[in-house]
Amino acid sequence: MSHVPPMIRKQHFDVVVLGSGFAGALTAMIARKHGCSVLLVEKGQHPRMTIGESTTPLTNLLLEEIAKAHDLPFLLNFTQYGKWKKVHPDLKVGLKRGFSFYNRQSKGKSSDHTEWDDELLVAASPNNFVADTQWWRADWDLFLVDQCKKMGVEYSDLTDISDLREEDDGVLLWIKTERSRQRVKAGLLIDACGGRAGIGQLLGIRKKPLHSTPETFAVHGHFSEVATMHPSNSQLGTEPLPYHPEDSAIHHIIDGGWVWSLRFDHGQVSAGAVLREKNYRSIQDQSPESIWSSVVNKHDELKRLFQKAVPLYPLRKIKRVGFEMERTCGNRWIMLSSSAGFIDPLLSTGFPLTLQTIQRLASCLSPQSLRQPGPLAALSSLAKSSKADLRMVDQLIGTLYATMSDFRHFAATSLVYFAAVSFTETARRLGKKKLAPGFLFSEDPTLSLHILSTFENIKRIHQSERTAEERWKDLQSCVDAAITEFNVIGVSTKTKNPYFRAETAPLFEHAHKLESTTAEIQNMLIRAGLA
């Protein structure tokens, strides 16, 4: 018998959330914990396969902060791989020890060839237990929705919103299911649909192209029978690697784009390709399977990895990856960051952007504020902060695409990101959020301008007419000097091998940058299980 969603029992809710992925479910739980009446609306049905799976240390720290701030202790079991496996072995997951990048481009290597021409490995954790995770979203999202329902969130799936009307003290929604058509009023409407539907579509809000990141499209799917990736020839005979490549988010950098591969513990793999439109216009309108085959078969290692792979369902295409909405909030509605805009999954920045938006929004999620007449003044400033975060990521990813044709430049540029987010994570663990406001210091006028200037300098050096080796030396000096102020993990472009471990010694060396003593650093590491 087919599932029929139940009748929605009320006509007015303090909060209505559109979209029941992890962000929508988490927001609904927080609102319910604060005493709000909550309706969670889902167009589809769980379990479902989707992407957006790869977490980072900052993602898991923000999830931990949310769990503690809003009395959601069960979430703490999902902030480390070891805890997840111990408490919830029934929920599928993957181990993520770090970020791995491999150069698969056809362009020749530099005359002074080094490992920096071939690969970059950046560890995010010192061992498997405290490691990050790859979320198998079919399990994870369903689990979160079940938690919502246990907490008293009203849930309606297979549900469409046919129209909405903004009012000063709420939003009127016309809701349609197989069983009924109803009008519901929301004190606050939150869009967690991810930007492909939701409020933007209902109000006809235009999507505009990004400022820095090029226009891309993507194909993706989940596969079985994907071959295992082995350490590369340049890694053989070196000191032990920070982790096995398969225990990471793997990025194959190809001409005009990149391919990801995320392995899960049950043997299946999430994989996809993000491709620049200007480089792949000739195949852009082909089927997802044809595009995937064209990309994989052009590269020997990708062909080896996927020659026997079996997709779990027909591959999917995203016609345009990056976007920014022209309008992201109203008197009584707001888009979470994934609905307000999206850049690119290259560095797994989507989760922390979304979680920071949820943290900011939580202050509005109380019956007292939502039941007052008039607009919610705080929404405008919240949307402004999220937009500032998004635009910093746009500049970061745009610079990485601009330098992608020279893998050394790309790898060096990425260190700006790794140094900045590691500083942010450490400062927050020390209780010193003021040292790193916003994402990539977006709310610090001085540091954000410094990072933006660094990205411009990197692009200028990359495009200069100096020799390849002169440009490399200039870029090394630029990056290493730029990150000095917030580099507390010891990354550098001057290392012989581009393999960076998650070590604690640099934190003690650079404690002054965190306005901390070595004793404070030690206590923080003990609390985090990293000592």
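Notes on the structure follow. (Residues numbered from 1 in each chain as written. Predicted model: local features only at pLDDT ≥ 70, side-chain atom pairs only at ≥ 80, totals over all residues. Heavy atoms only, no water.)

**Remarks on the sheet that holds strand S18 (residues 323–325)**
For step 1, the next point in the chain: Read across the open sheet, the three strands follow the order S11-S18-S20; overall the sheet is antiparallel. With partners counted over all chains shown, the strands left at the sheet margins are strand S11 (207–208) and strand S20 (341–342), one partner each.
For step 2, the next point in the chain: Bridge count for S11 against S18 is two bridges, and the pairing is antiparallel. What sits directly across from Lys 207, in S18, is Met 325. (Pairing = 2+ DSSP bridges. Helix = DSSP H or I, 4+ residues; strand = E, 2+ residues; numbered from the N terminus.)

**Things to note about the packing of aromatic side chains**
For step 1, the next point in the chain: Overall, the coordinates contain 24 aromatic pairs when judged by the stated rule.
For step 2, the next point in the chain: Pairing Phe 22 with Trp 135 gives two aromatic rings, centres 4.9 Å apart and planes at 65°, and the pair type is edge-to-face. One end of the pair, Phe 22, is in helix H1 (residues 22–33); the other, Trp 135, is in strand S6 (residues 132–135), and 113 residues separate them in sequence. The pair formed by Phe 22 and Trp 135 is uniform in burial state, with each residue classed as buried.
For step 3, the next point in the chain: On the numbers, 5.3 Å between centres and 50° between planes, the contact of Phe 441 with Phe 486 is tilted. Of the two residues, Phe 441 is situated in the loop between helix H12 (407–429) and helix H13 (445–463) and Phe 486 in the loop between helix H14 (468–482) and strand S21 (499–500); the sequence distance between them amounts to 45 residues.
For step 4, the next point in the chain: On the basis of relative accessibility, which here comes to 0%, the residue Phe 441 falls in the buried class.
For step 5, the next point in the chain: Phe 486 sits in the buried class, given a relative accessible area of 2%. (Phe/Tyr/Trp six-rings, centres within 6.5 Å; stacked < 30°, edge-to-face > 60°. Buried < 20%, exposed > 50% of the residue type's maximum accessible area, 1.4 Å probe, protein only.)

**Quick notes on the packing of H1 against helix H9 (residues 350–361)**
For step 1, the next point in the chain: It is at 11 Å that the axes of H1 and H9 come closest, and there the two elements cross at 20°. By the angle between their directions, the pair H1 and H9 is classed as roughly parallel. Of the two elements, H1 crosses H9, and the hand of that crossing is right-handed. Where H1 approaches H9, its residues Phe 22, Ala 23, Leu 26, Thr 27 and Ile 30 are matched on the opposing element by Phe 351, Thr 354, Leu 355, Ile 358 and Leu 361. (Axes fitted to C-alpha atoms, helices over the stretch in contact; angles between N-to-C directions. Parallel < 35°, antiparallel > 145°, perpendicular 65-115°, else oblique. Left-handed = near helix turned anticlockwise from the far one by under 90°. Contact = heavy atoms within 4.5 Å.)

**Some thoughts on the packing of H12 against H13**
For step 1, the next point in the chain: In the contact formed by H12 and H13, the axes pass within 11 Å of each other and the chain directions differ by 175°. One element, H12, and the other, H13, form an angle in the roughly antiparallel class. For the pair formed by H12 and H13, the contact residues are His 409, Thr 413 and Val 416 on the first element and Ile 451, Thr 454, Phe 455, Ile 458 and His 462 on the second.

**Topic: H14**
For step 1, the next point in the chain: With 15 residues, H14 should reach 21 Å at 1.5 Å per residue; the first-to-last C-alpha distance of 21 Å fits that figure.
For step 2, the next point in the chain: Glu 469, Arg 471, Trp 472, Leu 475, Gln 476, Cys 478, Val 479, Asp 480 and Ala 482 are the residues of H14 that are buried.
For step 3, the next point in the chain: Taken together, the buried residues of H14 touch H12 and H13. (Expected span 1.5 Å × (residues − 1).)

Geometry only, nothing functional implied.
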